[in-house]
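So the chains spell out like this:
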Amino acid sequence: MPSIACNALILATVASGVVVSAPAAAQNEQFIPILSYRTGPYAVNGAPYANGVVDYYNLINERDGGINGVKILVEECETGYATDKGVECYERLKSKGPTGAAFINPLSTGITFALTEKTATDKIPIITMGYGRADSKNGAVFPYNFPLLGTYWSAADIAIQHVAKELGGFDKLKGKKISLLYHDSPYGKEPIPMLQVLAQKYGFEFTPIPVTHPGVEQKSQWLAIRQNRPDYVLVWGWGVMNSTAVKEAAAVAYPREKMIGVWWSGAEPDVTPAGDQAIGYKSLMLQHGAGKFPVHADIEKYVYAKGKGSTDSGKVGEVLYNRGVVNAMLGVEAIRKAQEKFGQKPLTGEQVRWGLENLNLSEARIKELGFDGMLKPIKISCSDHEGTRDGRVQQWDGKSWKIISDWYTADEPLIDPLVRDVSAKYAADKKAQPRECSKES
Amino acid sequence: MIALGQFLEVLIGGLMSGVLYSLVALGFVLIFKASGVFNFAQGAMVLLAGLALVRALDLLVANGFPLWAAIVLGIAFAAAIMATTAWLIERFVIGPLVNQDGLTLFMSTIGVTFVIEGAAEMIFGSDVYPLRLFPTDAWFVLEDVFPGGILVNKLDVWGALIAGILVAGLAIFFQRTKTGRALRAVADDHLAAHSVGIPIGWIWFVVWLAAGLVALVAATVWGTKLGVQFSITFLALKALPVLIIGGLTSIPGAIAGGLIVGAGEKIAEVYLGPSIGGGIEYWFAYVLALAVLLVRPQGLFGERIIERV
Amino acid sequence: MLYREAGQFKTTYVEDMAIFPIRQDRIALAVLLGIAFIGVPLLATFHIWPFGSDYLLWAILLPFLILALAAIGTNILVGYCGQISLGSGAFMAIGAYSAYKLVTGVHIPLAWLGCAISIPPLSVLASILLGGLIAAGVGILFGIPSLRIKGLYLAVATLAAQFFFDWAFLRIPWFTNYAPSGSVNAPELNFFGLIVQSPIERYLLCLLLVTLMALLAKNLVRGNLGRQWMAIRDMDIAAELIGIRPLYAKLTAFAVSSFIIGVAGALWAFVYLGSWEPLAFSIDRSLQLLFMVIIGGLGSIMGSFVGAAFILIVPIMLNLIPAELGVPLSTETIAHFEFIIFGSLICYLLIKEPHGFARLISIGKEKLRLWPFPY
């Protein structure tokens, strides 16, 4: 009788349904899901980021009693950086709380790709601050994607600008060799088209060098680098790949000063395992760096002093922690903006989307929030879901990250045609009709 | 001359990193030899040993122990952890599963992998912990013959030395000691061994302990190379082709397999990779293993498989 | 009393050869299919508990159906033919990417011949099935070594396929139609003018395909071919001596298995993920499928379903339970516990019943037959 087991199966699925449809708590709460990874190969980088996010939401609840009185309700779901787990987490959390998820932030390019279509159907914005698909900057085709503060194409351009500055001008780029050591995944591949455009424009020789996930073995890549002697090596890694790259560079005596990591390859866990060998290694900054700012004082006062912190207080102010805080802040501000239009109550994802698209943080407002010195003003619009494309470069001195450059702004006229091409292709694939940004208020 | 120098450099580098894979593969061989279990958990065991060692070290150094004492105590602590793990696995998983077919045993070790990974991270933390037991910089030899010299990583040399000592030690252990002979007896036929009075449970514990200690040795080298962190578990997948080429039952085979895989994949990646897009070393090692198996289905040094009806 | 076939007389050979010769089995199956085909859609359409949200459909039932299909494919190879494969994930990927190429149109310029192979974009269903066929072709190719390599050595050799295709789909831009990030999007799911979009439609589509394929598989393994496979599995030399050609038997097993896995892969990509990268079909997927087959029971189609349910749902349940019980554990600790408990459960099941749930089911049937005095 095969039905024994099958009944058991149905029972199991029913039981998990019970779990899902648990009653929502108080009605005046805004639900925000957190997709994090605190286990697995990328936990080293995923955990500090998630801590920053959680701590900032806690701060808003503890200090301000929520966003204009609407408490933030969060639930974390562990993705382990795996796409299918990420999709499951998204489905689990998307309709929780009185109004469903306000927005989602998967911290994984792979999960972002998988969710892009789903979030558009479910009308939940997906914030991919400093990662995700670069073409989703075009809000006309991707109304629900928000790659705030910078895409990988901006990052590639900023990196090349810095290289040019170190060399003494863009004309000096001609004939130089620049290699890209990248994590062999959509994340690592994303900058390649932009770098090819730049190589053509400035006449440098561009070589992409893939590193297989997770990147524990890079000897052959670095032996090849030792033989080719590129003038610069850009590092597009995540997790163990970054520190391994730094160590292997030291082993083949490639100068760390000539390595520039993307902003996901420039945090403490990326350099500390390499010890003194990491001295001189540079990386881009997604605007902010490490260190403590007025907002951290509040976090320590309202969250850590009450014993509600999610990490050791010594780790508050690390690069990835700060990135989590910035990310949470932008989300909260988007909700605040949306509340101006829709009222001070829990909002749906669609309403928060409006808030994100009309987000406009002035310098004064950023100072008021306690992020002075971490961020530049940001203004999102229908055609520009990135908002701002500025970055700096930092260098590891063995103990801490030192900012060594002024602000760079990515070259928008150069990036935009690529964004338009690729996003138009997406729209054609999906048979989607792009919005007309000019017609929207 | 430059081309030759570069080739030698890649070859030497490849051979050396192959030996580092062998360190992990040795643990597989030990267990397969003695109990016919294809132990997928070896990678997780390296992680566990590494975490136990590095966390104990950090704690002891922070409490003012001199470095040498901390290292000795840390290794002792990690060894104790591995002994406990070996006992638990023998008592609760492998013991009850005696006489099951190879696939079931293999899958049960994947179950063990999950448990070890979860427990190790829960107890010792999931951050990255730097370990510096060996130098990691490089020598540049023969600089007068080849421009730029040939790069030899010191860590690789240490790894090769350790692997050599380990293989010699294991060979002596298997050939000369009473326990070693008992191990071989159990490996040949555990029922016959049992009937002449060899305590099978104890022998299996010893084997798992030995594999655990090999994992600890691998952890000292790989932990120095990568920092102790979760990604170390992926070494199991790099060790599989090594194992297959050498033969599942041969200890010297693990070293030979490591040399072949290491040299093969590095040369392929550096010389073949650029023309077909790079990143080929992962599958190249497996294709190499497949090619060897087609010629010798039991690996280069494995025991001949004799089939009877 | 309930489960006793006394009095059910078979008067024709056809009756004797039915898939479910016992009446109670047929009733149980009919009820089950009724629930799956009518009950679930009805509940879901009217959002009746437990279908209040899409969660159950999207995150449980849909992946369950597709992975169960893949598990059936794996089971044919591993369970029925005894060829251990760790490359199932790769064959899912082949199915997915072939279907993607076919649905977007294939153009291979053959410059040296001065012509080109061009296939216009095919319909979604044709692409999915052809994707399966292509996977079957590749399966035959990678099955050839199995004639010489056996057991766990073969398992590791199939990893060559796994890692090679992981790499190929990542590195060769032709497969992804030169998408800059290497991630591709599923086409609109148009089945003869019917556009499958909502979760319930997706569920029904998969259910239909899975039911058909399971029926196909069940009939294959009962027939001549299935018996050849099992003879090879039980002892290949003996099978050869009684006149079974190992070449034919093993390669057909590889072909049928890869076809089913390939179709499952195409469904996984098109219907479930919608947008994917090779990591969706990594070695972890292969191990997961092997687990489903072993926990479910080697050589059992029903076991594949139960195994898939177990391997898919238990970790999710373990993850959900602490939060719902209000146990104040951090996400991190829950994830660690999930690993530990799941791993222990697997070991426990393997020790208690190495033949998996399928064996438990048949023991259950035996006991039911003797009810109320089972022993």
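Residues numbered from 1 in each chain as written. Chains lettered and ligands numbered in written order. Predicted model: local features only at pLDDT ≥ 70, side-chain atom pairs only at ≥ 80, totals over all residues.

What about the overall build of chain C?
Note the cut-off: The way it works is that DSSP assigns letters per residue, a run of H or I at least four long becomes a helix, a run of E at least two long becomes a strand, and they are numbered from the N terminus. Restricting the calculation to C-alpha atoms gives the radius of gyration, and the globule rule supplies 2.2 Å times the number of residues raised to the power 0.38. Counting other C-beta atoms within 10 Å of each residue's C-beta, where C-beta atoms are placed from the backbone, gives the exposure class: buried for 20 or more, exposed for 12 or fewer, partly exposed between. Throughout, a pair of residues is in contact if the C-beta atoms placed from their backbones lie within 7 Å.
A tally of regular secondary structure across chain C gives 14 helices and 6 strands. Its C-alpha atoms give chain C a radius of gyration of 22 Å, near enough to 21 Å, the size a compact globule of 375 residues would have. Projecting the C-alpha coordinates of chain C onto the three principal axes gives extents of approximately 75 × 60 × 45 Å. When the 375 residues of chain C are sorted by exposure, 53% land in the buried category. In chain C, the proportion of contacts linking residues at least 24 apart, taken out of those at least 6 apart, comes to 75%.

Re the domain arrangement of chain A
All names here are of chain A. Short version of the rule: For the purposes of this description, domain bounds are those given by an automatic or database domain assignment. When residue character is reported, Ala, Val, Leu, Ile, Met, Phe, Trp, Tyr, Cys and Pro are called nonpolar, Asp, Glu, Lys and Arg charged, and the others, Gly included, polar.
Taken domain by domain, chain A comprises domain 1 (6–150 + 290–380) and domain 2 (152–285 + 390–411). Taking the mean C-alpha position of each, domain 1 and domain 2 sit 29 Å from one another. Taken together, the contacts link 16 residues of domain 1 with 22 residues of domain 2. Of all the secondary-structure elements, those providing two or more residues to the side of domain 1 that touches domain 2 are helix 2 (43–64), helix 4 (109–122) and helix 12 (319–342). Along the lines of polarity and charge, the residues of the side of domain 1 that touches domain 2 split into 9 nonpolar, 5 polar and 2 charged.

A closer look at the nonpolar core
Buried together is how nonpolar side chains tend to be arranged in soluble globular proteins. To keep it simple, the criterion reads: Nonpolar core, as used here: buried Ala, Val, Leu, Ile, Met, Phe, Trp, Tyr and Cys residues forming one set through C-beta atoms within 7 Å.
Among the nonpolar cores identified, the biggest contains 382 residues, and Ala289 of chain B together with Leu267 of chain C are the most heavily contacted of them. Element by element, the count of residues in this core is highest for helix 3 (residues 55–80) of chain C, at 21 residues. Counting contributing residues, this core receives three or more from each of domain 1 (6–150 + 290–380) and domain 2 (152–285 + 390–411) of chain A. Sequence-distant contacts of Leu267 of chain C, that is, excluding residues within four places in its chain, are made with Ile66, Ile128, Cys206, Leu209 and Tyr272 of chain C.

So, the interface of chain C and chain B
When the parts of a complex come together, some accessible area is lost, and that lost area is often used as the size of the interface. Counting from both sides, the interface comprises 38 residues of chain C and, opposite them, 39 residues of chain B. Here the element with the most residues in the side of chain C that touches chain B is helix 13 (residues 331–352) of chain C; it accounts for 12 residues. Taken together, the residues of the side of chain C that touches chain B break down into 30 nonpolar, 5 polar and 3 charged.

Structural notes on unusual backbone geometry
Omega for the bond connecting His213 of chain A with Pro214 of chain A falls within 30 degrees of zero, at 0°, which places this linkage in the cis form. Inspection of the secondary structure puts Pro214 of chain A in the loop between strand 6 (205–211) and helix 8 (219–228). Residue Pro372 of chain C is bonded to the preceding Trp371 of chain C through a cis peptide linkage, with omega at 10°. Topologically, Pro372 of chain C is positioned in the segment after helix 14 (356–370). Of note in the backbone geometry, Ala253 of chain A takes a positive phi value of approximately 60° without being a glycine. Of note, Tyr178 of chain C is a non-glycine position whose phi angle comes to about 60°, a positive value. Looking at where Tyr178 of chain C falls in the secondary structure, it is placed in the loop between helix 6 (151–171) and strand 3 (184–185). Classification of Tyr178 of chain C as exposed rests on a count of 10 C-beta atoms within 10 Å.

Topic: the interface of chain C and chain A
Each side of the interface is counted separately: chain C has 51 residues, and chain A has 47 residues. In terms of residues, the side of chain C that touches chain A owes the most to one element, helix 12 (residues 301–325) of chain C, which gives 9 residues. For the side of chain C that touches chain A, the per-class residue count stands at 31 nonpolar, 13 polar and 7 charged.

Considerations on the packing of helix 1 (residues 2–35) of chain B against helix 8 (residues 200–226) of chain B
Residue and element names in this part refer to chain B. Here is the rule we go by: Only the stretch in contact is used when fitting a helix axis, every axis being a line fitted to C-alpha atoms; angles between N-to-C directions are given from 0 to 180 degrees. Small angles under 35 degrees read as roughly parallel and large ones over 145 as roughly antiparallel, with 65 to 115 read as roughly perpendicular and the rest as oblique.
It is the contact of helix 1 with helix 8, at a shortest axis distance of 9 Å, that shows an interaxial angle of 175°. Between helix 1 and helix 8, the angle is such that the two are roughly antiparallel. Note on element contacts: helix 8 touches helix 1 through Ile203, Trp204, Val207, Trp208, Ala210, Ala211, Val214, Ala215, Val217, Ala218, Val221 and Trp222, opposite Leu20, Leu23, Val24, Leu26, Gly27, Leu30, Ile31, Ala34 and Ser35. Here the residues of the contact of helix 1 with helix 8 sort into 19 nonpolar, 2 polar and no charged.

Focus: the pairing of strand 12 (residues 390–396) of chain A
Residue and element names in this part refer to chain A. Heads up, the condition is: One bridge is not enough; two strands pair if DSSP finds at least two bridges between them.
The buried count for strand 12 comes to 5 of 7 residues, which makes it a mostly enclosed element. Where strand 9 (residues 282–285) and strand 12 come together, 4 bridges link them in antiparallel fashion. Within the sheet, the bridge partner assigned to Leu284 lies in strand 12 and is Val393. The sheet contact formed by strand 12 and strand 14 (residues 408–409) spans 2 bridges and is antiparallel.

With respect to helix 14 of chain C
To be explicit about the condition: In this analysis, the expected span of each helix is defined as 1.5 Å times one less than the number of residues it contains.
Look at helix 14 of chain C: 22 Å from first C-alpha to last across 15 residues, which is about the 21 Å you get at 1.5 Å a residue. Residues of helix 14 of chain C that are buried include every one of Gly356, Phe357, Ala358 and Ile361 of chain C, and no others.

A word on the packing of helix 5 (residues 124–143) of chain C against helix 10 (residues 246–273) of chain C
All names here are of chain C. The cut-off we apply is this: Helix crossings fall into two classes, left-handed where the near helix is turned counterclockwise from the far one by less than a right angle and right-handed where it is turned clockwise.
It is the contact of helix 5 with helix 10, at a shortest axis distance of 7 Å, that shows an interaxial angle of 140°. Classed by the angle they form, the pair helix 5 and helix 10 counts as oblique. Seen from above, helix 5 lies across helix 10 with right-handed handedness. Along the lines of polarity and charge, the residues of the contact of helix 5 with helix 10 split into 18 nonpolar, 8 polar and 1 charged.

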